[in-house]
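As a plain string of letters, each chain reads:
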Amino acid sequence: MVIIPSILEKVGNTPLVSIKMKEFENINLYTKLETYNPTGSVKDRAASYILRKLLSTDKISQNTTIIESTSGNFGVALSAYCKYYGLPFIAVVDPNITLINEMLIVSNGAEIVKVDHPDEYGGYLLNRIEKVKELQSQIHDSYWVNQYENPLNANAYYQSLGKELCFQIEEIDYIFIGVSSGGTITGVSRKIKENFPNAKVVAVDVEGSVIFKGQSQKRYIPGIGSSMKPKILKRAKIDEVIITDEVSTINACLELLRNYSFYVGGSSGSAFAAIKQYFKQNKPDRPVNVVTIFPDRGERYFDTIYDPKWVERIKDIKDIRSLEKENTIIY
Ligand SMILES: Cc1ncc(COP(=O)(O)O)c(C=O)c1O
């Protein structure tokens, strides 16, 4: 009998599940269900790995205050692993944080600092970073995780998720990965290309994000996209980029639940939408193995993606936006 001392030691080795899509007979689709990590998302891998590495290399001590700007899964995961390692943690968040994430972070004993003034672009990211720097200067023994620049974020995925995929699948022809901080795709793509040099790595982003192109626009679904370009992405091995829109993301989530019984978060829907979009235009003439990652579960989106009223509101807003775009051309 194997008994583990804490559930937080059970990171990784998540299930790999196959999806047979009727409309694409040559595609063997496999997805890693990252919700089976202890705090419910792919971010357990980064949070646990980063803290362990920092402690084992004496970059931080037991007294170091960990600081990060995050309103999402990374904040939830960091709050759990900081508690596990006995480290104080401050999450710098903004008013867009969901009630459930705030509750989870606070329940883990972390401090929340909420930035409520929008920056010059109308978002909060720049002011959140300013606040992190201010806290760093005030707290003598502190460490800013900085997921967008910290190479440990990508290493975490190279060492765990990338390795697992190479071990679990005989041949990988394509992999589709949603991007936010860039940690997952940077680590996984490097590992996959070492083992399967011909594999095509497709990055998935959403409209309104500036990671690969375009201008920052209000986005409604957290977990994917960013309003700044992550520096760690420079080391990623990306062959193609697909930009999905948020309505396709919602529809893909609903389809995954209806047809395949996956109750997943927004970025999983974006990846699934991107796969369908890509292969509609590039029908393979031989069987191919396509891999993707479903980073989290649907419960955290019960009042957005899975709430029909919210979906109607978003669709209306999007319609207004496209009308405004048309009007811009007319004027
Ligand atoms: C739900 C979800 N999907 C995808 C990602 C993207 O992962 P990364 O930040 O490694 O690019 C995140 C990151 O927070 C996430 O929470």
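Going by the structure above, here's the rest.
Residues numbered from 1 in each chain as written. Predicted model: local features only at pLDDT ≥ 70, side-chain atom pairs only at ≥ 80, totals over all residues. Heavy atoms only, no water.

Novice: So what's going on with helix H2 (residues 73-85)? Which residues, and what values?
Specialist: Between its first and last C-alpha atoms H2 spans 18 Å; for 13 residues at 1.5 Å apiece the expected length is 18 Å, and the two agree. Among the 13 residues in H2, 11 count as buried, and that is most of the element. For H2, the set of buried residues is Asn73, Phe74, Gly75, Val76, Ala77, Leu78, Ser79, Ala80, Tyr81, Cys82 and Tyr85. Tucked inside the fold, the buried residues of H2 contact helix H1 (43-56), strand S3 (65-69), strand S4 (89-93) and helix H3 (99-107). (Helix = DSSP H or I, 4+ residues; strand = E, 2+ residues; numbered from the N terminus. Expected span 1.5 Å × (residues − 1). Buried < 20%, exposed > 50% of the residue type's maximum accessible area, 1.4 Å probe, protein only. Contact = heavy atoms within 4.5 Å.)

Novice: Explain the pattern of salt bridges to me, and be specific about the residues and the numbers.
Specialist: Between side chains of opposite charge, a pair can form as their charged atoms come close. Going through the model one piece at a time under the given rule, you end up with 14 salt bridges. The salt bridge partner of glutamate 149 is lysine 231, with a shortest N-O separation of 3.6 Å. In this pair, glutamate 149 is assigned in the loop between strand S6 (142-144) and helix H5 (151-168) and lysine 231 in the loop between strand S8 (200-206) and strand S9 (240-244), connecting sequence segments 82 residues apart. Judged by its relative accessible area of 48%, lysine 231 is partly exposed. Here glutamate 299 ties to arginine 297 by a salt bridge, and the two come within 3.9 Å at their closest N and O atoms. Residues participating in the shared-partner salt-bridge network are Lys32, Glu34, Arg45 and Glu164. (Salt bridge = Lys/Arg side-chain N within 4 Å of Asp/Glu carboxyl O.)

Novice: Run through the site of the ligand, naming residues and quoting values.
Specialist: Around the ligand, the structure places 13 residues, and the nearest of them are Lys43, Ser180, Ser181, Thr184 and Ser267. In this structure, an oxygen atom belonging to the ligand sits 2.6 Å away from a side-chain N or O atom of threonine 184. When isolated, the ligand has an accessible area of 390 Å², and the protein chains bury 95% of it. In terms of residue class, the shell around the ligand is built from 3 nonpolar, 8 polar and 2 charged. (Near = heavy atom within 4 Å. Polar contact = N/O pair within 3.5 Å; in protein donor to acceptor, adjacent residues only side chain to side chain. Areas by Shrake-Rupley, 256 points an atom, 1.4 Å probe, with all protein chains shown as cover. Nonpolar A, V, L, I, M, F, W, Y, C, P; charged D, E, K, R; others polar.)

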